Amino acid sequence: MSSTADDGDPNLGGEDVAVTEQAAGEALDLLESEGMDVDESGLRLYVQQGGCAGLSYGMRFEHAPEEDDEVFERNGLRVFVDDASIDYIEGSVLDYEGGLQGAGFHVQNPNVVSECGCGESFRT
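Residues numbered from 1 in each chain as written. Predicted model: local features only at pLDDT ≥ 70, side-chain atom pairs only at ≥ 80, totals over all residues. Heavy atoms only, no water.

### A look at the pattern of salt bridges
Our working rule: Salt bridges, as used here, are contacts in which a Lys or Arg side-chain nitrogen is within 4 Å of a carboxyl oxygen on Asp or Glu. By definition, any uninterrupted DSSP run of H or I lasting at least four residues is a helix, any uninterrupted run of E lasting at least two residues is a strand, and each is numbered from the N terminus. For the exposure calls, accessible area comes from a 1.4 Å probe over protein chains only, and a residue counts as buried if that area is under 20% of its type's maximum, exposed if over 50%, partly exposed in between.
Across all of its chains, the model carries 4 salt bridges by this definition. In this structure, Asp 69 engages Arg 44 in a salt bridge whose closest nitrogen and oxygen atoms are separated by 2.4 Å. Here Asp 69 is found in the loop between β4 (55–62) and β5 (70–74), whereas its partner Arg 44 is found in strand β3 (residues 42–49), with 25 residues between them in sequence. According to the relative accessible area criterion, Asp 69 is buried, its value standing at 3%. A salt bridge links Arg 60 to Glu 62; the nearest nitrogen and oxygen atoms lie 2.8 Å apart. On the basis of relative accessibility, which here comes to 40%, the residue Arg 60 falls in the partly exposed class. On the accessibility criterion, Glu 62 (12% relative accessible area) is buried.

### Considering the nonpolar core
Heads up, the rule is: By nonpolar core we mean a set of buried residues, namely Ala, Val, Leu, Ile, Met, Phe, Trp, Tyr and Cys, connected to one another through side-chain atoms within 4.5 Å.
Core analysis: the largest hydrophobic core is formed by 21 residues, its most contacted members being Val 17, Val 19, Leu 45, Leu 77, Val 79 and Val 81. Sorting the residues of this core by element identifies α1 (21–33), β3, β6 (77–81), α2 (83–89) and β7 (93–97) as the ones contributing at least two each. By residue number, the principal contributor to this core is α1, which donates 5 residues.

Here it is in structure tokens:
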């Protein structure tokens, strides 16, 4: 069953996933540019096996959450997280960093005990 967390302080972690204003704005702009309804669609954040440290993050846009997803609404962005991934990323903050060297979305995860040298995978 899907549950929805209400808006809290988007810059604080906790038992859910926080999203900074910058990240939400960038994601909402991308959703709209894809012609997706920002009231129903959202960003899926998940953890998958892979990378030199064992786990890596994945993100993609989806039109609606799955039945068993946790749904967090932060700064106007809906974030969908499946049951298997939430244990790895609860308390995390999704941020967006711009710049000449590596603009993109980044997950600040307090559960990480080590990361690979390139920063693309992690271990909890």
